[in-house]
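Structural characterization, general
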Amino acid sequence: MAGIYLHIPFCKQACHYCDFHFSTSHKMKDDFVHALIEEIKIQRDYLNGEPLHTIYFGGGTPSLLSKENLVTIFETIHAVFKVSSNAEITLEANPDDINAIKLNDFKALGINRLSIGVQSFFDEDLKFMNRVHDANMAIDCIKKAQDFGFENLTIDLIYGTPTLSNLHWSRNLEMAFNMDIPHLSCYCLTVEQKTALANFIRKGKVANVDEQRSSEHFEMMLHAMNDKGYEQYEISNFCKQNRYSRHNTAYWMKEKYLGVGPSAHSYNGISRQWNVSNNAKYIQSLATGTIPFELETLSANQQFNEYIMTALRTKWGVDLAKIQDEFGLACSNYLLNQITEFIGRGLMFLADDHLYLTNQGKLLADDITSELFII
Ligand code: SF4
């Protein structure tokens, strides 16, 4: 199972909380597409001829690409790789970009899954985040996408925002349930350094994120999702009727993937590499046929840490037999020793030779996993 991720590094404006790589200047968009195509061609052997089962346009804002941009990119992908006939093809879209013409184009190009950056159905939160769209646009966009037959739909929601009351958080979830959206990605607002949000908090212009509020929202979310029949298959991801994100699940299962575009990461089972996070440098380098990237060969300890970090967040948990087979008895014993305290505190449990986080443990996932790492 191999996949390709395409990073589209342009946005209309900067959301205050965002630390992804993007530019609000679109002058270089066509040059970027040209460079992206070059990179795809150069990387034709990265996946060893394995067919693509998933194609994922992320960003940034992929819905800013023109039809011509997308046609060129798809033509290149199909010329370079074999694409599985039932490949999952996802495009991240912002509500303010979606209209009938775009949806028609997406369908015609074979895009069969849309990931819509809703974040909230309340204008107050959207203004706080500096999103371009308003609540009405979010609702309208979802309805339009469904009318165009995009059943495989996911939306992003953010909780823990200082402007988001408990009542509004439950209404956001209700809205998603009522619109019959089969997959929801719900992220806790985190304050990343170097973002406008971090700066505002430092200057006292906005309230800091309240951990108590975030925990309440997390617990409300787990109950509501459970009541409505959504499965939590990863800490931030929920779905009905097995509508898992095949692309993201492959990441968590440590499948190979090729990432193209500035800041994109690739993984081939042995090493990880990442492209420069600068549009101009990316374009200039590809103009000379060189991919500007850094590479890290993963040590056994790094592979162990990565497996723990990803698997523990999923419903599939950490496979203890796999730990022993792939990392040896010493690692297995180390892990069993480290988890004793967390199991005693009700944060983890063992079942069928797998290790899982309890709901309480999921709230502390980052802290727990860092305690399990081998340094
Ligand atoms: S649209 Fe997405 S990528 Fe762009 S600034 Fe906002 S959160 Fe970041």
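Residues numbered from 1 in each chain as written. Predicted model: local features only at pLDDT ≥ 70, side-chain atom pairs only at ≥ 80, totals over all residues. Heavy atoms only, no water.

Our next topic: the domain arrangement of the protein chain. For the protein chain, the domain assignment lists domain 1 (2–251) and domain 2 (300–375). Buried surface at the junction of domain 1 and domain 2, both sides included, amounts to about 960 Å², of which 62% is carbon and sulfur. Where domain 1 packs against domain 2, one counts two salt bridges. The partner of R313 in a salt bridge is E234, and the shortest N-O contact between them spans 2.7 Å. Our count for the domain 1 to domain 2 interface comes out at six residue pairs in polar contact (both at pLDDT 80 or more). Those elements that place two or more of their residues in the side of domain 1 that touches domain 2 are α8 (211–227) and β7 (231–234). Of the residues assigned to the side of domain 1 that touches domain 2, the class counts are five nonpolar, four polar and three charged. (Domains from an automatic or database assignment. Buried area = accessible area lost by both parts, 1.4 Å probe. Salt bridge = Lys/Arg side-chain N within 4 Å of Asp/Glu carboxyl O. Polar contact = N/O pair within 3.5 Å; in protein donor to acceptor, adjacent residues only side chain to side chain. Helix = DSSP H or I, 4+ residues; strand = E, 2+ residues; numbered from the N terminus. Nonpolar A, V, L, I, M, F, W, Y, C, P; charged D, E, K, R; others polar.)

Along the chain, S236 falls in the loop between β7 and β8 (237–239). Taking the relative accessible area as the measure of exposure, S236 reaches 8% and is therefore buried. Among all residues touching S236, those that are not within four sequence positions of it are L184, S185, C186, Y187 and R313. (Buried < 20%, exposed > 50% of the residue type's maximum accessible area, 1.4 Å probe, protein only. Contact = heavy atoms within 4.5 Å.)

Within the secondary structure layout, N152 lies in the loop between α5 (135–147) and β5 (153–159). Aside from chain neighbours lying at most four places away, what touches N152 is N112, R113, L114 and R243.

Before going further, it helps to examine helix α1 (residues 29–42). With 14 residues, α1 ought to run about 20 Å at 1.5 Å a step, and its terminal C-alpha atoms sit 20 Å apart, in line with that. Turning to α1, its buried residues are K29, F32, V33, A35, L36, I37, E39 and I40. Each element contacted by the buried residues of α1 is listed here: β1 (2–8), α2 (67–80), β9 (257–260), β11 (271–275) and α10 (279–287). (Expected span 1.5 Å × (residues − 1).)

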